[in-house]
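Residue-level listing of the chains:
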Amino acid sequence: MDLIGGLLRLAATRPRVLVVPMPGATAVRVAVEGELRRRGWPTAAVPAEAGVLFVTGGEVPGFAELLDEAERGMIPPACCVRARRPGEAAEALDAARRHLANLDVQRSAARARADARRGGPQDRGAQPAGGSGAPGGQDRPHGEPHQGHGERGAHDPEQGGDQHQPAEDAGHHGHAQHGGTAHGHARPPAQRGGHDGHGMHGMGGMGMPAGLPMARRGEDRDGLRLDRLRLPLGPILADWPAGLLLRLTVQGDVVQRADVETVTGWDGEGGSWWTVPWWRARSGEPVTVGEAVRRRAAAQMDSLGRFLAVAGWADAATTARCLRDDLLAGTPQEVVRRRVGRFAHRVGRSWTLRWLTRGLGRLDADTAAGAGVTGPALRAGGDVTDRYRQWLAEVIEDVAGLDDGSPLDPTSAEGPRGRLDGRRPPSAALVEVLPGLLAGAELAGARLIVASLDPDVDELIPQPVGSAGG
Amino acid sequence: MNSSRNLSGRQVVNPAPLWSVLLAPVALAGFAVAAVTGDAVLAGRATGRRFAVGMAVTPLAEAARLLVAPPRTTVAPDRLLWRLGGAGVAVAAVLAVAVVPLGDRVVVDLDVGVVWFNAMEVVTWAAVWLAGWGPNALFPLVGGYRFVAQGLAYQLPFMLALITAATGAQSLRIADIVAAQRQLWFVVWMPVAFLVYLAGVLAFSFLGPFDYPAARDIAGGVLAETGGVDRLMLLAGRWLLLTAGAAMAVPLFLGGGLGPLLPAWVWSLVKTVAVLAVLVYLRRRLPTIRADRYVELAWVVLIPVAVAQALVPALVVLGRG
């Protein structure tokens, strides 16, 4: 089996890594991303293409089952590693590579899977194994509530035969209750019932292909009755704010309703890593303006990187993240200022990006003021285009002040997402305006809107009393 | 001008021997691998690192991993259609390149070569949509429909560009189109058609600014739930399509194998590599162009411009004869 071994070793040189950020682990995530870029390892967007599931941060109660599902969604050879502190990133990646390149480990894992499959009740029939390697070439079931349901053909005997029209014809969505492990939630089907008064289906109202109920219908913006699907976005999704969960009701790919949830119940240190200089100044430690400004510029670069990745401009996103790492590593002002200027010029001048984001997610001043939005989102006062351009402008301004050694005024509290001295954290206001902005947007637009606001769930977790200024 | 009209395609391009049927897919795959490697190197350079051999190895490592991985499945997929979709993309690319001449040899010399190429490209509509429908999951389904939406935008200008080249040569046979460029390459007096054609190539291989069906914001779209060899087929199919489109640009607009000094096949190779390099470079320069915005631009701006461009060779040909 030398060919397989050779292929495994080749595959292990540069595995694709899916970075799963836990709430409260921003520093670790930034370190891991920087390490991946230094090594030249590609990143994955979904568990399906990942070879390594890298969990950054400690255990979070709500996340355990999501992580399990993501791990099940990966195809072997694959492994799962965790780093709790920024310094552990490099050795975790090395351990992952050793594990993936280890033929014996992979073979025994494949044997275990083959045994489990033989011993299990379901047999997927005469499906030929597509992969020819040591891992055994078996199909891996996806989504735990529906083990053992076979092909769609399984539901044909229930129907009348040739009168049966698959539900996919009406509206254009089938029984896709969960859109895959990309968002890590295998929800038990939330709706029951068959079709609403469509006689042509001839199914007697009890069609349940593969054990999943059909989607219910609802009115849409054009007055049609289309299937409504529940789609959870996050918390395990590429380029998504950590700890944010959006429950969308979609018809087609248009969002009808969005409900925002944040993963809480996490009892580590509160507060966002990006706003640490201001909290330190509040608690009396000497902090320079340069430090605070550097951290804020890095936060804006992080948000910009995420936004550009969602917009599909991978190179610009990579540049933004490189600049973020440069800023955090303490690169001198002259060097960073030049690079940031070039980047901001390129992205700011991009007519294509402006054309693509114009008119999306318009946040008018009253709604913003009512929710208590502060910071760049308020100052930009407009749509997604205005917001990312505001970020660019503020980064340029901040980078000009990196060498400022004067002490940070404890009363000044302008963090990357807004003022820190309000009655609630700035991200809380951003999270509150999200559902209003998302209703009626398409999926792509919805992701752009979330990325242009980029709420930080860590800010929503209250600071421990000792370090907060009040 | 009259002499080029009398020159028939047969004097420029001849059918190749039978063993070239095997050589063509291999050559296509070779170019596609070169394109993927170039793309990986550009991606590596974008991170600010200097060129290293490791950058070029990344796609090979990925392919190796997908080869040894078992296929992945979802709940109640339509397995047959899923596999058909994934394989169909690569098959369409190989079939499309059968009419593209390399130098002065072509695998199949069809009288309607341009139409055959377009037909094979249209097969990708079905293939990508099936690849999105098969997994029975939302993100791939959205990706499949996004491809159709994008198709509505790019297909008509693309066909007009093909028609422009065919009008200039007064024939749908690719050999005749090459022969008609003896005096002047079509790209010189049909530049708009050339640009529209290149955009169409990026669009039907859903790469670069037109990777809307497989975009990162829907977690990979049609690629979100595939794994193993199926995934490798779909990924490879995209790059094979890009290569086939780039190869076709050469006889259509860049004079095929015509050129001084060097043999015809060398010129074909050089021109194909040049077009591929331009496409791979351009693909990283723009964000993902969403079909809902692009449809407006395509129908309001590109189609009239492409029609106007198609009038140019029509008037020239009328003026000549």
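Residues numbered from 1 in each chain as written. Chains lettered and ligands numbered in written order. Predicted model: local features only at pLDDT ≥ 70, side-chain atom pairs only at ≥ 80, totals over all residues. Heavy atoms only, no water.

**Details of the overall build of chain A**
On a plain count of helices and strands, chain A comes out with 15 helices and eight strands. Within chain A, the proportion of its 470 residues that are buried is 56%. Intrachain contacts of chain A at a sequence separation of at least 6 include 72% that bridge at least 24 residues. Counting every atom, chain A has about 18,900 Å² of accessible surface; 51% of that belongs to carbon and sulfur. (Helix = DSSP H or I, 4+ residues; strand = E, 2+ residues; numbered from the N terminus. Buried < 20%, exposed > 50% of the residue type's maximum accessible area, 1.4 Å probe, protein only. Contact = heavy atoms within 4.5 Å. Areas by Shrake-Rupley, 256 points an atom, 1.4 Å probe, with all protein chains shown as cover.)

**A closer look at the overall build of chain B**
Helix and strand counts for chain B stand at twelve helices and two strands. For 321 residues, the compact-globule estimate of 2.2 N^0.38 gives 20 Å, and the C-alpha radius of gyration of chain B, at 20 Å, lies within 12% of that figure. Once the C-alpha set of chain B is aligned to its principal axes, its extents read approximately 65 × 40 × 40 Å. Restricting the contact set of chain B to residue pairs at least 6 apart, pairs at least 24 apart contribute 78%. (Rg over C-alpha atoms; globule rule 2.2 N^0.38 Å.)

**Quick look at the sheet that holds strand E2 (residues 52–56) of chain A**
The strands making up a sheet associate through backbone hydrogen bonding, with each pair oriented either parallel or antiparallel. Residue and element names in this part refer to chain A. In space, the three strands of this open sheet follow the order E1-E2-E3, with parallel pairing throughout. Each edge of the sheet is formed by a strand with only one pairing partner; in this case those strands are strand E1 (17–21) and strand E3 (79–83). Across the sheet, the mean angle from the axis of one strand to that of its neighbour is 20°, orientation sign disregarded. Inspection of the sheet shows E1 paired to E2 by five bridges, in the parallel sense. Paired with Val17 across the strands is Val52, a residue of E2. (Pairing = 2+ DSSP bridges. Axes fitted to C-alpha atoms, helices over the stretch in contact; angles between N-to-C directions.)

**Brief notes about the confidence of the model for chain A**
Residues and elements named next belong to chain A. Per-residue confidence for chain A averages 77 on the pLDDT scale, and 77% of its residues sit at or above 70. Considering only residues more than four positions removed or in separate chains, one finds that residues 121–205, a stretch of pLDDT under 50, has 203 contacts. This model gives residues 465–470 a pLDDT under 50, and the stretch forms seven contacts once residues within four places in sequence are excluded. (pLDDT = per-residue confidence, 0-100.)

**Some thoughts on the pairing of E1(A)**
For E1(A), the tally of buried residues reaches five of five residues, placing the bulk of the element in the interior. Alternating residues of E1(A) divide into Val17(A), Val19(A) and Pro21(A) and Leu18(A) and Val20(A), and every residue in both groups is buried.

**What to know about the packing of aromatic side chains**
A complete count under the given rule lists 14 aromatic pairs over all chains for this structure. Aromatic pair Trp129(B) and Tyr145(B): ring centres 5.7 Å apart, planes at 90°, arrangement edge-to-face. Linking Trp129(B) in helix H5 (residues 113–133) with Tyr145(B) in helix H6 (residues 138–169), this pair joins segments that are 16 residues apart in sequence. Judged by its relative accessible area of 24%, Trp129(B) is partly exposed. Aromatic side chains Phe158(B) and Phe204(B) sit 5.7 Å apart centroid to centroid with 75° between the ring planes, which places their arrangement in the edge-to-face category. Placement of the pair is Phe158(B) in helix H6 and Phe204(B) in helix H9 (residues 191–204), with a sequence separation of 46 residues. Taken individually, Phe158(B) and Phe204(B) each receive the classification buried, so the pair is uniform in this respect. Of the aromatic side chains, those joined through ring pairs into one cluster are Phe117(B), Tyr154(B), Phe158(B), Phe194(B), Tyr197(B), Phe204(B) and Phe253(B). Lying across the ring of Trp41(A), Arg39(A) places its NZ or CZ 5.3 Å from the centre. In this arrangement the basic side chain of Arg295(A) is found over the ring face of Trp273(A), its NZ or CZ atom lying 4.2 Å from the centre. (Phe/Tyr/Trp six-rings, centres within 6.5 Å; stacked < 30°, edge-to-face > 60°. Lys NZ or Arg CZ within 6 Å of the ring centre and 35° of its normal.)

**Describing the packing of helix H8 (residues 314–328) of chain A against helix H9 (residues 333–348) of chain A**
Residue and element names in this part refer to chain A. Contact geometry of H8 with H9 gives a least axis separation of 11 Å together with a crossing angle of 155°. With respect to their mutual orientation, H8 and H9 come out roughly antiparallel. At the point where H8 passes H9, the crossing takes the left-handed sense. Residue-level inspection shows Asp315, Ala316, Thr319, Ala320, Leu323, Asp326 and Leu327 of H8 in contact with H9, the latter providing Val336, Arg339, Val340, Phe343, Arg346 and Val347. Residues belonging to the contact of H8 with H9 are distributed by class as follows: eight nonpolar, one polar and four charged. (Parallel < 35°, antiparallel > 145°, perpendicular 65-115°, else oblique. Left-handed = near helix turned anticlockwise from the far one by under 90°. Nonpolar A, V, L, I, M, F, W, Y, C, P; charged D, E, K, R; others polar.)

**Quick look at the environment of Ala109(A)**
Residue and element names in this part refer to chain A. Tracing the chain through its elements places Ala109 in helix H5 (residues 103–119). What makes Ala109 partly exposed here is its relative accessible area of 29%. Along the primary structure Ala109 and Pro77 are separated by 32 residues, whereas in three dimensions their C-alpha atoms are 8.9 Å apart.

**Here we look at the side chain of Glu394(A)**
With respect to the secondary-structure elements, Glu394(A) resides in helix H13 (residues 384–399). Residue Glu394(A) is classed as buried on the basis of its relative accessible area, which comes to 10%.

**What about helix H12 (residues 291–320) of chain B?**
Compared with the 44 Å implied by 1.5 Å per residue over 30 residues, the 40 Å span of H12(B) between its first and last C-alpha is a close match. A maximum bend of about 40° is found in H12(B) at Ala298(B). Buried residues of H12(B): Ala291(B), Arg293(B), Tyr294(B), Ala298(B), Ile303(B), Ala306(B), Gln309(B), Ala310(B), Pro313(B) and Val317(B), and no others. As for H12(B), its buried residues are in contact with helix H10 (351–357) of chain A together with H6, helix H8 (186–189) and H9 of chain B. (Expected span 1.5 Å × (residues − 1). Bend = angle between axes of the 7 residues up to and from the residue.)

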